[in-house]
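Okay, here's what each chain looks like letter by letter:
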Amino acid sequence: MDSMYDASSISSLKPSDFDHCDSKPVGSNLKNGFVTLSSPPVTGTSSDSQQKIITGDAGYILEDVPHLTDYIPAIPTYPNPLQDNPAYSVVKQFFVDGDTVAQKVVAHPSGPRGTHFRRAGPRQKVYFKSDEVHACIVTCGGLCPGLNTVIRELVCGLYHMYGVKKVIGIDGGYKGFYSRNTIPLTPKIVNHIHKRGGTILGTSRGGHNTVKIVDSIQDRRINQVYIIGGDGTQRGASAIYQEIRRRGLKVAVVGIPKTIDNDIPVIDKSFGFDSAVEEAQRAIHAAHVESESIENGIGLVKLMGRYSGFIAMYASLASRDVDCCLIPESPFYLHGPGGLFEYIEKRLKENGHMVIVIAEGAGQELLSESLQSSNQKDASGNKLLEDVGLWISQKIKDHFSKQKKMAINLKYIDPTYMIRAIPSNGSDNVYCTLLAQSALHGAMAGYTGFTVGPVNGRESYIPFYRITERQNKVVITDRMWARLLSSTNQPSFLTVKDVIEDHQDEASMSDDNSSDDKLMIRENGFC
């Protein structure tokens, strides 16, 4: 992936400028080279108070990640075993030395250089002896294509690149740390698991008890923890890191972001998203076949997307068979001029059939008006949603039945869990390899308290607080949503008030890689 992007997104600086030991928490007055550490104190939670922010010339900002030496001084270092690895002998420069990655790749000539993150990759020195490493891997939350690939590449990378022989899996998510047995992991055991969906380690929601988890890590003498999960899981990983730091333990905590909804901020996209979009198209194709085979046929497909409609949007764009795409970020209404029912009638008169794709979180405000809304939540704290697919199917049937203008034939397809239970496709397999190897390079180099992910096509180390501060959402005043509307020819369902509010939301997120247009650029880079 790295080779597909030029150096414009990379700020290559002198190794001494950004050596980990020069990065201090906000509030330090230390200066090193041209870099001045920001002096204003940061208020907020304990994790926020330990932010490592470095500022430089021309508006340069580095949001650095923690290092073991931040709270354990004088840790011995060792030569990186990769320098003797034949696989890397042909690489011209395989050690990363002080490079940082720009968060915003598009900039005005007179504008500031902006926020950067530490570039991922192997370092010349490591802070763990290979035979002393005892690593564990845990998967939490819902399923996602690529989980087994990440597990496989973590195990094989630790074994073959760093000579680590002690790797275990935690059975059943966070609660497995203190309530279940561990699973030994070797290259032989994980050799073929990437061909299977799900996770061989099992998963669960909830069960996070920071003290019990860290007690288990300490009792088992684990010193590298790899946590694979979504935004809630990453918040849990941050809490584990804080407790480990409070106890002064030499344990690296690394997060690998996972969600097919693509709702994790900062990173270009999350693994499994490509596979989910590809599988979703099969359901859309089936709906199209059903609808065009009968008079006034309507194929309705419900896809995943609790708060973010990326899967629905990208699957609709990719299929070219969708006439209307409804997502949580774009409110819609049923009755009256410009409403959904009017558009359905118009489309059926023009084409004789139509396909509607709706994300599971779309139209929830309409459901709450007609149904008794529930405030129940799942074990991860997510609100349990009403089934918008069944609801809107019945609403459409009832409307046309009462109007008696035309008889419709509606087929409802719900592939919700099918699209996340499949093995990852080729694109996601490559992406998972990059994530896993970048994660273990960071842990061996002594970095901790971070999530790994691509920023403008370059694997980077991102502080936990940036991953958990908000959710990534489709910006409906952005170019990508405009492309969707152009493809489907559907109405925007937007009022003037909606446009103003969305522009305000877009402005508040302008410093992040939340733009759908940027995601499209990165999609091209991954393919």
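Residues numbered from 1 in each chain as written. Predicted model: local features only at pLDDT ≥ 70, side-chain atom pairs only at ≥ 80, totals over all residues. Heavy atoms only, no water.

A. A look at the side chain of Ser 319. Structurally, Ser 319 can be placed in helix H7 (residues 310–319). We classify Ser 319 as buried; its relative accessible area is 15%. Once you skip the residues sitting within four places of it in the chain, Ser 319 turns out to touch Gln 281 and Ile 284. (Helix = DSSP H or I, 4+ residues; strand = E, 2+ residues; numbered from the N terminus. Buried < 20%, exposed > 50% of the residue type's maximum accessible area, 1.4 Å probe, protein only. Contact = heavy atoms within 4.5 Å.)

B. Region of the structure containing the pairing of strand S8 (residues 114–119). Counting buried positions along S8 gives five out of six residues, so the element sits mostly inside the fold. Across three bridges, the pairing between strand S7 (residues 100–102) and S8 is antiparallel. Bridge pairing links Val 101 to Phe 117 in S8. In this sheet, strand S20 (residues 458–463) lies alongside S8 in antiparallel orientation, the contact comprising two bridges. Counted as the bridge partner of Arg 118 is Tyr 461 from S20. (Pairing = 2+ DSSP bridges.)

C. Structural context of the packing of aromatic side chains. This model, assessed by the stated rule, comprises six aromatic pairs. On the basis of an interplanar angle of 85° and a centroid distance of 6.1 Å, the ring pair of Tyr 333 and Phe 493 is categorised as edge-to-face. One end of the pair, Tyr 333, is in the loop between strand S16 (324–326) and helix H8 (340–351); the other, Phe 493, is in the loop between helix H13 (479–488) and helix H14 (496–508), and 160 residues separate them in sequence. We classify Phe 493 as buried; its relative accessible area is 5%. For the pair Phe 450 and Tyr 461, a centre-to-centre distance of 4.6 Å together with 50° between the ring planes defines the contact as tilted. Of this pair, Phe 450 sits in strand S19 (residues 450–455) while Tyr 461 sits in strand S20, placing them 11 residues apart in sequence. (Phe/Tyr/Trp six-rings, centres within 6.5 Å; stacked < 30°, edge-to-face > 60°.)

D. Quick peek at the nonpolar core. Of all hydrophobic cores here, the largest spans 113 residues; its most connected members are Ile 137, Leu 154, Tyr 226 and Phe 271. Element by element, the count of residues in this core is highest for helix H1 (residues 147–162), at 10 residues. Those residues within four positions of Leu 154 in sequence are excluded, and the remaining contacts are Ile 137, Tyr 226, Ile 228, Ile 256, Ala 436, Ala 439 and Leu 440. Core analysis: the next-biggest nonpolar cluster, separate from the first, contains 26 residues, Leu 300, Leu 326, Phe 332 and Phe 400 among them. (Core = buried A, V, L, I, M, F, W, Y, C linked by side-chain atoms within 4.5 Å.)

E. Geometry of H7. The buried fraction of H7 is high, at nine of 10 residues. Of all the residues in H7, the buried ones are Phe 310, Ile 311, Ala 312, Met 313, Tyr 314, Ala 315, Ser 316, Leu 317 and Ser 319. At the exit of H7 stands Arg 320, carrying a positive phi of roughly 65°.

F. Seen up close, the pairing of S20. Here S20 lies mainly inside the structure; six of its six residues are buried. Side chains of S20 alternate between two faces, with Arg 458, Ser 460 and Ile 462 and Glu 459, Tyr 461 and Pro 463 buried alike. Where S19 folds back on S20, the antiparallel hairpin that results is connected by two residues, among which Asn 456 adopts a positive phi of roughly 55°.

G. Expanded view of the pattern of salt bridges. Taken as a whole, this structure holds 17 salt bridges when the rule is applied. One salt bridge in this structure joins Arg 152 and Glu 153, with 2.7 Å as the shortest N-O distance. When sorted by exposure, Arg 152 lands in the same class as Glu 153, which is buried. Of the charged contacts, one joins Arg 247 and Glu 243 as a salt bridge, the two residues approaching to 2.8 Å between their closest N and O atoms. Of this pair, Arg 247 and Glu 243 both sit in helix H5 (residues 231–247), separated by four residues, roughly a single helical turn. For Arg 247, a relative accessible area of 24% gives the class partly exposed. Classification of Glu 243 by relative accessible area gives buried; the value is 11%. (Salt bridge = Lys/Arg side-chain N within 4 Å of Asp/Glu carboxyl O.)

H. Region of the structure containing the sheet that holds S16. Strand order across the open sheet formed by four strands is S16-S17-S15-S18, with parallel pairing between neighbours. In the strand order of this sheet, the two ends are held by S16 and strand S18 (409–413), each with one partner. Put simply, the sheet's adjacent strands are angled 15° from each other on average, direction ignored. In this structure, strand S15 (residues 297–303) lies alongside strand S17 (residues 353–359), joined through seven bridges in parallel fashion. Bridge pairing links Val 301 to Val 357 in S17. (Axes fitted to C-alpha atoms, helices over the stretch in contact; angles between N-to-C directions.)

I. Region of the structure containing the packing of helix H6 (residues 273–292) against H7. Two elements in contact, H6 and H7, have axes whose closest approach is 9 Å; the angle formed by their N-to-C orientations is 60°. Between H6 and H7, the interaxial angle falls into the category oblique. Note on packing geometry: the crossing formed by H6 with H7 is right-handed. On H7, the residues that touch Phe 273, Ala 276, Val 277, Ala 280, Gln 281 and Ile 284 of H6 are Phe 310, Ile 311, Tyr 314, Ala 315, Ser 316, Ala 318 and Ser 319. A per-class count over the contact of H6 with H7 returns 10 nonpolar, three polar and no charged. (Parallel < 35°, antiparallel > 145°, perpendicular 65-115°, else oblique. Left-handed = near helix turned anticlockwise from the far one by under 90°. Nonpolar A, V, L, I, M, F, W, Y, C, P; charged D, E, K, R; others polar.)

J. Seen up close, the confidence of the model for the chain. Counting all residues, the mean pLDDT for the chain is 85, and 81% of those residues have values of 70 or more. The low-confidence segment residues 1–48 (pLDDT under 50) makes 116 contacts with residues lying over four places distant or belonging to another chain. (pLDDT = per-residue confidence, 0-100.)

K. Main features of the environment of His 134. Along the chain, His 134 turns up in strand S10 (residues 134–139). Residues His 134 and Lys 166, spaced 32 residues apart in sequence, show a C-alpha to C-alpha distance of 5.0 Å.

L. View of the packing of H7 against H13. Across the interface, H7 lies against H13 with an axial gap of 10 Å and an inter-helix angle of 45°. One finds that H7 runs oblique with respect to H13. For the pair H7 and H13, the sense of crossing is left-handed. For the pair H7 and H13, contact is made by Met 313, Tyr 314, Ser 316 and Leu 317 and by Met 480, Trp 481, Arg 483, Leu 484 and Ser 487, respectively. For the contact of H7 with H13, the class distribution of residues is six nonpolar, two polar and one charged.

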